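Below are the chains, spelled out letter by letter.
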Amino acid sequence: MIYLDNAATTRTKPQQVIDAVVYAMNHSGNAERGTHEAALDTARGVFDVRCQIADLFHVGDPAQVAFTSNSTEALNIAIKGILNPGDHVITTMLEHNSVLRPLYEMEERGVELTILKADKKGCIVYEDFEKAIKDNTKAIVCTHASNLTGNLVDIERIGQIAKAHDILFVVDASQTAGVFPIDMEKMHIDIVCFTGHKSLLGPQGTGGICVRKGLEVRPLKSGGSGVMTYHKEHPRVMPTALEAGTLNAHGIAGLGAGISYIAEMGMDVIRQKEQALMQQFYEEVIKIPEVTVYGDFSDMNRAPVVALNLGDYESGEVSDALFMDYEIATRPGGHCAPLMHEALGTVEQGAVRFSFSHYNTMEEVEAAVKALKELC
């Protein structure tokens, strides 16, 4: 199989990720739940990965990194933990439902919501952020890159706007963590939400939320923490405040191994390989008359994603044919990005998304282009 669905999850993992999970499955105890060696070793391993993530995103203090099961949980914690009735929040049409649905919930609870429009290429106008700010604006929440088009968002520019107006800035780094550098301090980011199973090359069921020191976020869950057992309230100190219950120590071990692999390979090397594959694919498919490609490709410094349609065919039919006839795995449909499809005009048809990993090859790109030409 030629796997070109890496924006959903990276299927090929480094061997050290697999080894780390297997080792943890055989040796891990419960972190922070005992003084025996199995529990202590696990706690040390979890702390080490916390430090890796703090370094990756320039968080400063590893205690400001809390583990979650994925970006969705992290974004729910962030959005529901900082907004209150009467607050105003700004987001964009580029967002995944992991951002939109929690925001819609908060809107029902009395939060005012502004969604900035995107054009037919899926691009936003940065001046619109300034225009949308009100006296009660509490936060800006936006993605670093569209999971549908791959368009990259200038989060440093938005961070500067947020800082100038004393507004919280929350970034969904689902598509960029591990491939694009993110510096919370330099980019004026208050919260970064990320998942482990995509470009960080970790297992599914891993992710996290990084919170600027001094910012308190209401926990989404409460319960066992391993400390302060006799208190009625869940502990408010980070990271315990946002980590009720037993951590996925096995997955976290694999996540740490994935981050180590990225450091060894070089983030820039990985990104350039993926972008080269994407660019080669894009430059070939736009030559096919029946193919429509979506997104802004004027700058190839973008997430390694190409979304397209073949004539008027429903995207699911094309994706099925690619897999059944050519064993090429892609993702069709709405991609959990309904407003982005509104902007692109693809609500009914959806889109076929090709997304690349550095494990893919130019030969696989050529095979995918050839398959599309034959389907045409």
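Everything in this summary refers to the structure shown in the same document.

What counts and how
Residues numbered from 1 in each chain as written. Predicted model: local features only at pLDDT ≥ 70, side-chain atom pairs only at ≥ 80, totals over all residues. Heavy atoms only, no water. Helix = DSSP H or I, 4+ residues; strand = E, 2+ residues; numbered from the N terminus. Polar contact = N/O pair within 3.5 Å; in protein donor to acceptor, adjacent residues only side chain to side chain. Contact = heavy atoms within 4.5 Å. Axes fitted to C-alpha atoms, helices over the stretch in contact; angles between N-to-C directions. Parallel < 35°, antiparallel > 145°, perpendicular 65-115°, else oblique. Left-handed = near helix turned anticlockwise from the far one by under 90°. Expected span 1.5 Å × (residues − 1). Buried < 20%, exposed > 50% of the residue type's maximum accessible area, 1.4 Å probe, protein only.

### A few points about the side chain of H197
Residue placement: H197 occurs in the loop between β7 (191–195) and β8 (207–211). Within the local environment of H197, its side chain forms a polar contact with the backbone oxygen of A8, the two atoms lying 3.4 Å apart. Apart from the residues lying within four places of it in its own chain, the contact partners of H197 are A8, T9, T10, K13, G202, P203, Q204 and T206.

### Some points on the packing of helix α1 (residues 15–27) against helix α7 (residues 249–265)
Contact geometry of α1 with α7 gives a least axis separation of 8 Å together with a crossing angle of 155 degrees. Comparing their axes, α7 and α1 come out roughly antiparallel. When the axes of α1 and α7 are compared, the crossing they make is right-handed. Of α7, the residues touching α1 (which contributes Q16, V17, A20, V21, A24 and M25) are A249, H250, A253, G254, A257, G258, Y261 and E264.

### Observations regarding helix α3 (residues 71–82)
With 12 residues, α3 extends 16 Å between its outermost C-alpha atoms, agreeing within 8% with the 16 Å of an ideal straight helix rising 1.5 Å per residue. With 11 of its 12 residues buried, α3 lies for the most part within the structure. Residues S71, E73, A74, L75, N76, I77, A78, I79, K80, G81 and I82 constitute the buried set of α3. If you follow the buried residues of α3, they end up packed against β2 (65–68), α4 (97–108), β5 (137–143), β6 (168–172), β7 and β8. Measuring from the side-chain oxygen of the N-cap residue of α3 to the backbone nitrogen of T72 gives 3.2 Å; that N-cap residue is N70.

### Digging into the environment of R212
Summarising the element assignment, R212 is placed in the loop between β8 and α7. According to the relative accessible area criterion, R212 is partly exposed, its value standing at 34%. R212 sits 144 residues away from T68 along the chain, and the two C-alpha atoms are 17 Å apart. Look past the residues within four positions of R212 in its chain and what remains in contact with it is Q64, L168, M184, I189 and D190. At 2.5 Å, the side chain of R212 forms a polar contact with the side chain of D190.

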